[in-house]
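This is what each chain is made of:
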Protein chains: 2
Amino acid sequence: MQRAKTVKRKHHQTPRRPGRPAGRTSNDGVIADREALLDAAERLIRKRGPQVSLDSIAAEAGVTKPILYRGVGDRDALVEALAGRLFMRMLEGLTRLLERAAVPREILRRLVGGYLSLAAEDRNLYLYVTAGGTSDDRLRQSLVLADRAARQFADGITASGAYAATHGTDGTAATVWSYGLIGALHYVALWWLRETTAEVEGVTEHLTALLWSGLSGAQNASPSEP
Amino acid sequence: MQRAKTVKRKHHQTPRRPGRPAGRTSNDGVIADREALLDAAERLIRKRGPQVSLDSIAAEAGVTKPILYRGVGDRDALVEALAGRLFMRMLEGLTRLLERAAVPREILRRLVGGYLSLAAEDRNLYLYVTAGGTSDDRLRQSLVLADRAARQFADGITASGAYAATHGTDGTAATVWSYGLIGALHYVALWWLRETTAEVEGVTEHLTALLWSGLSGAQNASPSEP
DNA sequence: CGATAAATCTACTCGTGGTAAATTAATACC
DNA sequence: GGTATTAATTTACCACGAGTAGATTTATCG
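Draft legend 1. Region of interest: the overall build of chain A. When helices and strands are counted, chain A shows ten helices and zero strands. The linear arrangement of helices and strands in chain A, starting from the amino end, is α-α-α-α-α-α-α-α-α-α. Burial analysis of chain A (226 residues in total) assigns 46% to the buried set. Here the analysis covers contacts within chain A between residues at least 6 apart in sequence; of these, 69% occur between residues at least 24 apart. Carbon and sulfur atoms provide 53% of the accessible area of chain A, an area that totals close to 11,600 Å².

Here it is, written out as structure tokens:
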């Protein structure tokens, strides 16, 4: 309601002079409200988009910036934490999608479609978390998603585990496959999250075809529906 | 005088009082030095890494910030221009690599290996250009690279053009394939540019296997060397 | 009751992108 | 040839976001 330029204070809050808060007998729940801070960050990012500042996030949480810093650390730590929560949710969603076994290509199709749909569900959060140049550890964390998704997928292919056959022996192969997979998914998701025109089914179909048959399948098999 | 931390003035330069410069009769070569500014930006990014500021870039070019802005526009425009130059160079390099025709899988292998090697050659510049969340038009520009690379690749597969068979009919398919391809390449490149340990041949081999056979090839064909 | 510790907010610094105002030289006009 | 106007450049500033130091108030312990 108010906020002409920058949000400074949460709507109906008393001005809260500085100093130790009255009433609190000891440090009760110092760790506990980390989740509340992350919740507030998620809420604001959903509402306002991926461009929100730490000041506004703190305001949304009803605290000030130093509290936010004490609770979750610096900006990188915040993004890291939000990415962890988001990726965990996406992973659970994907797992649920794959509960009932299916043929391998159908598994892949569900993975791709699920990834896109789940990213679109948390669009702003997904953009916030994956923006910023995928620096250092962020990328590595997204690999948890890729790796577990790939493992899940491979487990669907064969009981013996084709994934372990390739990923288990050679660490480089595992990493390359994970990065390649997540890169393809992520870039297609980035594009699709901007284009509201294309419907998810077609995109899923095309990407699944590419990931399934690879480029060797480009000669005879068109990725479009027959 | 100036700051100890950030370079403010190029080493041996005269202080240059403000005002219109003496000697220049009219605006000669206003457009011409845009390339010189971009050269300076490239030089400094190569030297100092992808974290350089616009101030330091202007200093490297021997001009001041407003001149830089007049010459190339804002930061996004600078990145755009540098990305255009880099991708053009990479595309030329890839084209040279594919001049002598080969079997399709070998073509793909050269594409992947060439992409990685060329990115590593301009490592800092590649990171500078692809950092920043791949927002909006940057991503679209990298598609020129992906699209032309894919076209080149497809032309190698069949003379009739498998690329046209899929890309020509359905625009969505073309876009999805391009984004997926460039995403896989870029993410693997990002990882590999950090890991100095892995040699390019192995990474190329694994990624080529993934892109060629797709995930359906994971059951029987291991991506590692037989 | 007084001193110390804890917890919080205010107010600042610092760096960076971006721009307006000041400054100087060239050019046009009489 | 002298003066006003215009072009080109630098300086100095603004806005804004991340991160932190210090002021401020309350609880707790002697």
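Draft legend 2. The arrangement of helix H9 (residues 171-194) of chain A in detail. Between the first and last C-alpha of H9(A) there are 35 Å, a value that for 24 residues agrees with the 34 Å anticipated at 1.5 Å per step. Taking burial as the measure, the 24 residues of H9(A) include 20 buried ones, the bulk of the element.

Draft legend 3. Molecular detail of the packing of helix H1 (residues 33-48) of chain B against helix H2 (residues 54-61) of chain B. Residue and element names in this part refer to chain B. The geometry of H1 relative to H2 is characterised by a closest axis approach of 8 Å and an angle of 115 degrees between their N-to-C directions. Crossing geometry of H1 relative to H2 is assigned as right-handed. When H1 is examined against H2, the residues Leu37, Ala40, Ala41, Arg43, Leu44 and Lys47 are found in contact with a partner set consisting of Ser56, Ile57, Glu60 and Ala61. Taken together, the residues that form the contact of H1 with H2 break down as six nonpolar, one polar and three charged.

Draft legend 4. Region of interest: the packing of aromatic side chains. Considering all chains together, one arrives at five aromatic pairs over all chains under this definition. Summarising the aromatic geometry, the rings of A:Tyr179 and B:Trp191 are spaced 5.9 Å apart at their centres and angled 25 degrees between planes, so their arrangement reads as stacked. With A:Tyr179 in helix H9 and B:Trp191 in helix H9 (residues 171-194), this residue pair bridges two chains. Residues A:Tyr179 and B:Trp191 agree in their burial class; the two are buried.

Draft legend 5. How the structure looks around the environment of B:Arg46. All names here are of chain B. Here Arg46 lies in helix H1. In this structure the C-alpha to C-alpha distance between Arg46 and Tyr126, which are 80 residues apart in sequence, comes to 9.6 Å. Setting aside residues no more than four positions away along its own chain, Arg46 makes contact with Arg89, Asp122, Asn124 and Leu125. One polar contact links Arg46 to Asp122, side chain to side chain, over a distance of 2.9 Å.

Draft legend 6. Local environment of the pattern of salt bridges. Evaluated as defined, the whole model comprises 27 salt bridges over all chains. Of the charged contacts, one joins A:Glu205 and A:Arg109 as a salt bridge, the two residues approaching to 3.6 Å between their closest N and O atoms. With A:Glu205 in helix H10 (residues 200-213) and A:Arg109 in helix H5 (residues 104-121), the pair connects residues that are 96 residues apart, well separated along the chain. Judged by relative accessible area, which is 15%, A:Glu205 ranks as buried. Between B:Glu106 and B:Arg110 there is a salt bridge, with its nearest N and O atoms 3.3 Å apart. Of this pair, B:Glu106 and B:Arg110 are both found in helix H5 (residues 104-121), four residues apart, which corresponds to roughly one turn of the helix. Each of A:Glu35, A:Asp39, A:Glu42, A:Arg46, A:Arg85, A:Arg89 and A:Asp122 takes part in one network of salt bridges that share partners.

The rules behind each value
- Residues numbered from 1 in each chain as written.
- Chains lettered and ligands numbered in written order.
- Predicted model: local features only at pLDDT ≥ 70, side-chain atom pairs only at ≥ 80, totals over all residues.
- Heavy atoms only, no water.
- Helix = DSSP H or I, 4+ residues; strand = E, 2+ residues; numbered from the N terminus.
- Buried < 20%, exposed > 50% of the residue type's maximum accessible area, 1.4 Å probe, protein only.
- Contact = heavy atoms within 4.5 Å.
- Areas by Shrake-Rupley, 256 points an atom, 1.4 Å probe, with all protein chains shown as cover.
- Expected span 1.5 Å × (residues − 1).
- Axes fitted to C-alpha atoms, helices over the stretch in contact; angles between N-to-C directions.
- Left-handed = near helix turned anticlockwise from the far one by under 90°.
- Nonpolar A, V, L, I, M, F, W, Y, C, P; charged D, E, K, R; others polar.
- Phe/Tyr/Trp six-rings, centres within 6.5 Å; stacked < 30°, edge-to-face > 60°.
- Polar contact = N/O pair within 3.5 Å; in protein donor to acceptor, adjacent residues only side chain to side chain.
- Salt bridge = Lys/Arg side-chain N within 4 Å of Asp/Glu carboxyl O.

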